[in-house]
Amino acid sequence: MKDKAQVGLKLEVPTVRKSSQMQQMKSMSTLIEIEDNYDHMENVEYILENVLMPDDGSLEFRHLQDDYNSHLTLSCKCSNNNNCCNNIDFCHKGGLKYMRVKGELVVIPNESQQFRSILECNELCECQISKCLNRRVQYGPRQKLEVFESPLYKSKGLRTTAYIPSGAFICEYAGELLTLSEAQKRIQIIDENCQMNYILCLYEHSKTRLITIVDPSKRGNIGRYLNHSCQPNCKILPVRTNCPIPKIGIFAKRDILANEELCFHYAGGDNYNGMLNGKPCLCGSTHCNGFIPNTQI
Ligand SMILES: C[S@@+](CC[C@H](N)C(=O)[O-])C[C@H]1O[C@@H](n2cnc3c(N)ncnc32)[C@H](O)[C@@H]1O
């Protein structure tokens, strides 16, 4: 069965294939290291960021590979500006913004905003990294997350051992980036073998419909342990830094107390009207739909 996420978004982001000039700029800039000290307890390769699926020789794979190897040309010019990044033209292109609350960057809530995605400053930006208020996801997951055996879901889950403020970044949902055909093949195998489904599809609505498919079943990060809830405490947002393919960012939807299990709505939540014929849902919320969301790809 397909447990997937959908997020509505309108976005056009200019990109170029990485040229030698851009590679040079990249090597001149200060590269940010992802801080991620988590690991898996099982036979899964821990990866810090999305990786490409194995090359299957298809044209579809070539397109995915081209996007994966492309760089956004958007960059800010905030070298002398302490208020980086408030400039809508260069910094966040009208996407959601962060603000600092008690020493932590949190997403400013704006449910009515047209562009429900985040465009972070990247390697080509001229801002001072130490002063930039538009970089969070690129630093890696928050601390004090814990994989545990969830009694509610009767399988593994992810919880926090410390309070998390509303809007704070939890972690990325990282895994293998799949083509549509490869995702369909893998989902068929999952269905036939009644396996757990880790494949997440993120839909964005642009002039053309964008779809990002991530599978952390064999290669993934700590994000793979979040279960689905019909009344979740987390939400997902597309986040772009260097690459046109978005990272799937998981953020706190409300204040979260220590020891709460972290869950998001596998279909993006709120206006979900897809099919509800997946596995029976164990979330136990008063708003439970009865099934894990299951939409077609
Ligand atoms: C991304 S994994 C979540 C982590 C998983 N629980 C584990 O042990 O690795 C998704 C799978 O977890 C289970 N799951 C997640 N949310 C669920 C829910 N609300 N009700 C029942 N099972 C759920 C389903 O088997 C689903 O295919």
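Residues numbered from 1 in each chain as written. Predicted model: local features only at pLDDT ≥ 70, side-chain atom pairs only at ≥ 80, totals over all residues. Heavy atoms only, no water.

- According to the UniProt record, the Subcellular location (unreviewed entry) comment for the protein chain is "Chromosome". (UniProt positions renumbered as here; feature names shortened; annotations may be inferred.)

Description of the site of the ligand
- Looking at the ligand, there are 20 residues lining it, with Ser155, Lys156, Asn197, Tyr198 and Asn227 nearest.
- Here a nitrogen atom of the ligand sits 2.7 Å away from a polar atom, N or O, in the side chain of Ser155.
- Contact distances for the ligand include 2.8 Å between an oxygen atom and a side-chain N or O atom of Lys279.
- Coverage of the ligand by the protein chains reaches 95% of its 570 Å² of free accessible surface.
- Broken down by secondary-structure element, the contributors of at least two residues to the shell around the ligand are β9 (155–160) and β15 (227–228). (Near = heavy atom within 4 Å. Polar contact = N/O pair within 3.5 Å; in protein donor to acceptor, adjacent residues only side chain to side chain. Areas by Shrake-Rupley, 256 points an atom, 1.4 Å probe, with all protein chains shown as cover. Helix = DSSP H or I, 4+ residues; strand = E, 2+ residues; numbered from the N terminus.)

What about unusual backbone geometry?
- For Lys102, which is not a glycine, the phi torsion comes out positive at approximately 45°.
- When you line up the elements, Lys102 lands in the loop between β5 (98–101) and β6 (104–107).
- The backbone phi angle of Cys194 is positive, close to 50°, even though this residue is not glycine.
- Structurally, Cys194 can be placed in the loop between α4 (180–192) and β12 (200–205).
- Judged by relative accessible area, which is 67%, Cys194 ranks as exposed. (Buried < 20%, exposed > 50% of the residue type's maximum accessible area, 1.4 Å probe, protein only.)

Focus: the pairing of β6
- Every second residue of β6 is oriented toward a common face, with Glu104 and Val106 on one face and Leu105 and Val107 on the other, all of them buried.
- Note that β5 and β6 share 4 bridges and pair antiparallel. When the sheet's bridge partners are listed, Tyr98 is paired in β6 with Val107. (Pairing = 2+ DSSP bridges.)

A look at the confidence of the model for the protein chain
- Per-residue pLDDT for the protein chain has a mean of 85; in total, 79% of the residues score no lower than 70.
- Note on residues 1–12: pLDDT is under 50 here. Beyond four places in sequence and across chains, it has 73 contacts. (pLDDT = per-residue confidence, 0-100. Contact = heavy atoms within 4.5 Å.)

Here we look at the sheet that holds strand β13 (residues 209–215)
- Strand order in this open sheet of 4 strands is β3-β11-β13-β12, and the pairing throughout is mixed. Unpaired on one side and paired on the other, β3 (51–52) and β12 mark the two borders of the sheet.
- In terms of strand pairing, β12 meets β13 through 6 bridges, oriented antiparallel. Bridged to Cys201 within β13 is Ile213.

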